[in-house]
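One-letter residues, chain by chain:
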Amino acid sequence: DRFRLLLDLRAFDGWQGISALTSHFNLVRAHAPLADRMAVVGDAAWQKAARGIAAQFLNAKTAYFDADDFDGAQAWLKA
């Protein structure tokens, strides 16, 4: 089944080593084809840019929301 994903990156401070990064990309590769929508909530320019890059590889609608618009991200996912 397809799913909708909310990535809350407001407190994200990076991966805990290269093995964590590798595990992350393996998880994304396995599940990305099933995503229907992905909302990213963040407070850094790189997070907004990452959403744009991810949109190129996902067959999903994607959107970025500023850290203070968490409710807007949830509403967009439900639409």
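Quick caveat: nothing in here was measured; it's all calculated off a predicted structure.

1. Regarding the pairing of strand 3 (residues 61-66)
Bridge analysis of strand 2 (residues 35-42) against strand 3 gives 6 bridges, and the strand direction is parallel. Considered in strand 3, the bridge of Val40 is made with Tyr64.

2. With respect to the packing of aromatic side chains
Enumeration according to the criterion identifies 2 aromatic pairs in this entry. On the basis of an interplanar angle of 50° and a centroid distance of 6.0 Å, the ring pair of Phe12 and Trp46 is categorised as tilted. Taken as a pair, Phe12 in the loop between strand 1 (3-8) and helix 1 (18-31) and Trp46 in helix 2 (residues 45-57) lie far apart in primary sequence, 34 residues in all. On the accessibility criterion, Phe12 (30% relative accessible area) is partly exposed.

3. Notes on the layout of surface pockets
By volume, the largest pocket amounts to about 700 Å³. Leu7, His24, Val28, Met38 and Ala54 are, among the 23 residues lining the largest pocket, the residues nearest its centre. Of all the secondary-structure elements, those providing two or more residues to the lining of the largest pocket are strand 1, helix 1, strand 2 and helix 2. Sort the elements by how many residues they give to the lining of the largest pocket and helix 2 lands first, with 7 residues.

Definitions and cut-offs
- Residues numbered from 1 in each chain as written.
- Predicted model: local features only at pLDDT ≥ 70, side-chain atom pairs only at ≥ 80, totals over all residues.
- Heavy atoms only, no water.
- Pairing = 2+ DSSP bridges.
- Helix = DSSP H or I, 4+ residues; strand = E, 2+ residues; numbered from the N terminus.
- Phe/Tyr/Trp six-rings, centres within 6.5 Å; stacked < 30°, edge-to-face > 60°.
- Buried < 20%, exposed > 50% of the residue type's maximum accessible area, 1.4 Å probe, protein only.
- 1 Å grid on protein atoms, 1.4 Å probe; cavity = no way out; pocket = protein on both sides within 12 Å on 5 of 7 lines; lining within 4 Å.
- Points joined across faces, edges and corners; volume = space filled by probe spheres on them.

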